[in-house]
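Now for the letters of each chain:
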Amino acid sequence: MNKIKAAIVGASGYTGAELVRLLINHPHVDIAAMTADRKAGMRMADVFPHLGGLELPDLIKMDEVDWSHIDVCFCCLPHGTTQQFIASLPQNVRIVDLSADFRLKDIEEYAKWYGDEHRAPELQKEAVYGLSELKRDEIAKARLVANPGCYPTSAQLPLIPLLKEGKISTDGIIIDSKSGTTGAGRAPKEGTLFCEVSDAINAYGVGTHRHGPEIEQGLSEAAGKDVIVSFTPHLMPMNRGILSTIYVSLEKGASVDDLRSTLDQSYANDPFVRVVEEGNSPATRHVRGSNYCLIGVFADRAPGRAIIVCVEDNVVKGASGQAVQNMNIMFGFDEISGLTQQPMFP
Ligand SMILES: NC(=O)C1=CN([C@@H]2O[C@H](COP(=O)(O)OP(=O)(O)OC[C@H]3O[C@@H](n4cnc5c(N)ncnc54)[C@H](OP(=O)(O)O)[C@@H]3O)[C@@H](O)[C@H]2O)C=CC1
Ligand SMILES: CC(=O)N[C@@H](CCC(=O)OP(=O)(O)O)C(=O)O
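This one's a predicted model, so the numbers in the text were calculated from it and none came from an experiment.

1. Brief notes about the site of ligand 1
Next up, step 1: Not every one of the 30 residues close to ligand 1 is listed here, only the nearest: G10, G13, S99, G185 and R186.
Next up, step 2: Among the elements of the structure, helix 1 (14–23) and helix 11 (316–331) are those that each provide at least two residues to the shell around ligand 1.
Next up, step 3: Among the elements that line the shell around ligand 1, the one with the most residues is helix 1, at three residues.
Next up, step 4: Of the residues assigned to the shell around ligand 1, the class counts are twelve nonpolar, 14 polar and four charged.
Next up, step 5: Looking at the shell around ligand 1, you find at least three residues from each of domain 1 (4–148 + 317–331) and domain 2 (150–314).

Printed below as a string of structure tokens:
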């Protein structure tokens with residue numbers, strides 16, 4: 001099989017570097033172009049020494065890419081910078097956008113949460129939300145896939161099947177999420193300085209984080225009615241990983257065992273999503289560096305309630321791994337191609 005050619009736009013950031021780590025071992029993909037902004041003109045080995053020794057193109061500006069020979073573009077740019085750029089790409093280039101620019105279907109919601117009007121509303125209409133396990137058929141046909149946010153992946157993978165099957169109530173869903181600091185990107189910011197992050201934990205975006213509406217969009221579609229959740233993210237003194245603890249109310253007649261078996265059955269044929277054995281509690285170190293998402297289901301002491309713990313690596317299943325999974329689906333490759341790394345433990 002001929003290899004397809006990939007461009008990584010924003011390759012000098014965390015998700016771009018992770019795409020290189022995954023794609024370099026992909027049997028059907030060549031990395032043909034990589035871009036940066038401040039770091040354009042540099043060698044990837046100088047920006048990321050852990051990728052030294054690989055044969056990679058140098059980092060160039062986005063407008064220097066020759067798109068005529070590119071099959072797929074991974075966009076790893078900050079929110080708001082992707083819309084107009086994607087609109088300028090030739091039609092034959094398929095796109096996996098890791099930013100949030102095309103995730104919210106309603107462009108007024110986008111403007112409300114991202115503080116700016118949407119600049120490519122026509123493209124927004126054709127974008128497919130890329131939650132790989134639950135949107136395979138649409139992803140396979142899509143030209144533009146909006147890769148989900150890291151927190152929304154960890155919340156929606158457990159909750160969507162349970163809402164679809166009517167096992168949990170749409171009311172009172174609480175999602176308490178903790179993330180490693182790579183989630184904030186590599187560009188320097190005061191809030192991600194060592195002294196601000198180490199030896200402490202803080203909630204942020206309390207009641208106002210833009211992943212709330214993204215999660216609600218997916219849950220509402222699954223439930224067939226509006227779902228509002230309480231979602232609070234926390235910044236943790238660790239590099240990678242997301243752990244979401246999710247509190248739900250059981251629907252009448254449903255048991256905690258029903259939740260476990262519903263999730264087991266939903267993901268029985270999915271290589272990357274696994275319900276752990278009863279009593280085991282998933283930890284971020286069980287998925288580090290891998291595309292796995294692990295789900296644990298527990299009874300709550302509060303009658304009629306259950307607690308779900310979901311873990312993923314934010315840079316892999318929460319970003320670049322899911323992006324590669326989506327590309328595999330789009331191009332008809334084996335879904336696990338380039339993604340067979342086992343987690344690094346401890
Ligand atoms: N980190 C994570 O865990 C996740 C991130 N995402 C999303 O993926 C996207 C990329 O994230 P991440 O890799 O962490 O971000 P980084 O800040 O680490 O990297 C951003 C990249 O975009 C480039 N860039 C920045 N501004 C511009 C511009 N105006 N024009 C052209 N290129 C530009 C940077 O180039 P240079 O280095 O030269 O400045 C860099 O290559 C973001 O939208 C993020 O929200 C989604 C899920 C998880
Ligand atoms: C720790 C941290 O700062 N995380 C980021 C989320 C990163 C991500 O998945 O999502 P987006 O693509 O939507 O930015 C944040 O809260 O903004």
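2. Digging into the site of ligand 2
Next up, step 1: Near ligand 2, the surroundings consist of S99, A100, G149, C150, S179, G183, A184, P233, L235 and G318.
Next up, step 2: Residues from two domains meet in the shell around ligand 2; each of domain 1 (4–148 + 317–331) and domain 2 (150–314) gives at least three.

3. Regarding the sheet that holds strand 7 (residues 144–146)
One key point about sheets: their strands pair by backbone hydrogen bonds, in either a parallel or an antiparallel sense.
Next up, step 1: The seven strands are arranged 3-2-1-4-5-7-6 in an open sheet whose pairing can be described as parallel. Each of the sheet's edge strands pairs with one partner strand only, and the pair in question is strand 3 (59–60) and strand 6 (128–129).
Next up, step 2: Bridging between strand 1 (residues 4–9) and strand 2 (residues 29–35) involves five bridges; their strand directions are parallel. What sits directly across from A7, in strand 2, is A33.

4. Here's the deal with the UniProt feature "active site" (unreviewed entry) in the protein chain
Next up, step 1: UniProt records the feature "active site" (unreviewed entry) at C150, using the numbering of this structure.
Next up, step 2: In contact with C150, not counting residues within four places along its chain, are S179, G183, I242, N314, G318 and A319.

5. So, the UniProt feature "domain: Semialdehyde dehydrogenase NAD-binding" (unreviewed entry) in the protein chain
Next up, step 1: Feature annotation in UniProt places "domain: Semialdehyde dehydrogenase NAD-binding" (unreviewed entry) on residues 5–142, given in this structure's numbering.
Next up, step 2: Helix makes up 28% of residues 5–142 and strand 17%, whereas the separation of the span's terminal C-alpha atoms amounts to 18 Å.

6. Quick notes on the pairing of strand 11 (residues 242–249)
Next up, step 1: By the bridge criterion, six bridges tie strand 8 (residues 174–179) to strand 11 in an arrangement that is antiparallel. Each bridged residue has a counterpart across the sheet, and for S179 the counterpart in strand 11 is I242.
Next up, step 2: In this sheet, strand 14 (residues 305–312) lies alongside strand 11 in antiparallel orientation, the contact comprising eight bridges. Following the sheet pairing, S244 is matched in strand 14 by C310.

7. Description of the nonpolar core
One broad trend across soluble globular proteins is that nonpolar side chains are buried collectively.
Next up, step 1: The biggest cluster of nonpolar side chains holds 91 residues, and the ones touching the most others in it are I8, F74, C75 and C76.
Next up, step 2: When residues in this core are grouped by element, the largest group, eight residues, is from helix 7 (residues 150–164).
Next up, step 3: When we break this core down by domain, the ones giving at least three residues each are domain 1 (4–148 + 317–331) and domain 2 (150–314).
Next up, step 4: Setting aside its immediate chain neighbours within four residues, I8 contacts G16, L19, V20, I31, M34, F74 and C76.

8. What about the environment of E108?
Next up, step 1: Secondary-structure assignment places E108 in helix 4 (residues 107–114).
Next up, step 2: What makes E108 exposed here is the crowd of 10 C-beta atoms within 10 Å.
Next up, step 3: With ten residues separating them along the chain, E108 and H118 place their C-alpha atoms 8.1 Å apart.

9. Quick notes on the domain arrangement of the protein chain
One widely used convention gives an interface's size as the accessible area the parts lose upon coming together.
Next up, step 1: For the protein chain, the assigned domains are domain 1 (4–148 + 317–331) and domain 2 (150–314).
Next up, step 2: Between the C-alpha centres of domain 1 and domain 2 there is a distance of 24 Å.
Next up, step 3: At the interface, 19 residues of domain 1 touch 26 residues of domain 2.
Next up, step 4: Contributions of two or more residues to the side of domain 1 that touches domain 2 are made by helix 4 and helix 11.
Next up, step 5: It is helix 11 that provides the largest number of residues to the side of domain 1 that touches domain 2, a total of six residues.
Next up, step 6: A class-by-class count of the residues in the side of domain 1 that touches domain 2 yields nine nonpolar, five polar and five charged.

10. Focus on the pairing of strand 8
Next up, step 1: Pairing between strand 8 and strand 10 (residues 230–235): six bridges, direction parallel. Pairing of S179 across the sheet is with L235, part of strand 10.

11. Observations regarding helix 11
Next up, step 1: Its 16 residues give helix 11 an end-to-end C-alpha distance of only 19 Å, which falls more than 12% under 22 Å, the value for a rise of 1.5 Å per residue.
Next up, step 2: Q322 marks the point of greatest bend in helix 11, at about 45°.
Next up, step 3: For helix 11, a buried count of 15 out of 16 residues is recorded, marking the element as mostly surrounded by other parts of the structure.
Next up, step 4: Two residues or fewer after helix 11 comes G332, characterised by a positive phi angle close to 75°.

12. Some words on the sheet that holds strand 8
Next up, step 1: Spatially, 9-10-8-11-14-13-12 is the arrangement adopted by the seven strands of the open sheet, whose pairing is mixed. Edge strands, defined here as strands with exactly one partner in the open sheet, are strand 9 (202–203) and strand 12 (273–275).
Next up, step 2: Seen against the sheet, helix 7 touches strand 8, strand 10, strand 11, strand 12, strand 13 (293–299) and strand 14 and runs at an angle of roughly 40° to strand 11.

13. Observations regarding the packing of helix 7 against helix 11
Two numbers describe a pair of packed helices, the interaxial angle and the distance between the axes.
Next up, step 1: Interhelical geometry of helix 7 versus helix 11 gives an angle of 95° and a closest axis separation of 8 Å. The angle between helix 7 and helix 11 falls in the class roughly perpendicular. Counting all contacts with helix 7, which are made through C150, T153 and S154, the residues of helix 11 involved are K317, G318, A319 and Q322.
Next up, step 2: Looking at the contact of helix 7 with helix 11 residue by residue, the class counts come to two nonpolar, four polar and one charged.

So, how was this worked out
- Residues numbered from 1 in each chain as written.
- Chains lettered and ligands numbered in written order.
- Predicted model: local features only at pLDDT ≥ 70, side-chain atom pairs only at ≥ 80, totals over all residues.
- Near = placed C-beta within 6 Å.
- Helix = DSSP H or I, 4+ residues; strand = E, 2+ residues; numbered from the N terminus.
- Nonpolar A, V, L, I, M, F, W, Y, C, P; charged D, E, K, R; others polar.
- Domains from an automatic or database assignment.
- Pairing = 2+ DSSP bridges.
- UniProt positions renumbered as here; feature names shortened; annotations may be inferred.
- Contact = placed C-beta atoms within 7 Å.
- Core = buried A, V, L, I, M, F, W, Y, C linked by C-beta atoms within 7 Å.
- Buried ≥ 20, exposed ≤ 12 C-beta atoms within 10 Å, placed from the backbone.
- Expected span 1.5 Å × (residues − 1).
- Bend = angle between axes of the 7 residues up to and from the residue.
- Axes fitted to C-alpha atoms, helices over the stretch in contact; angles between N-to-C directions.
- Parallel < 35°, antiparallel > 145°, perpendicular 65-115°, else oblique.

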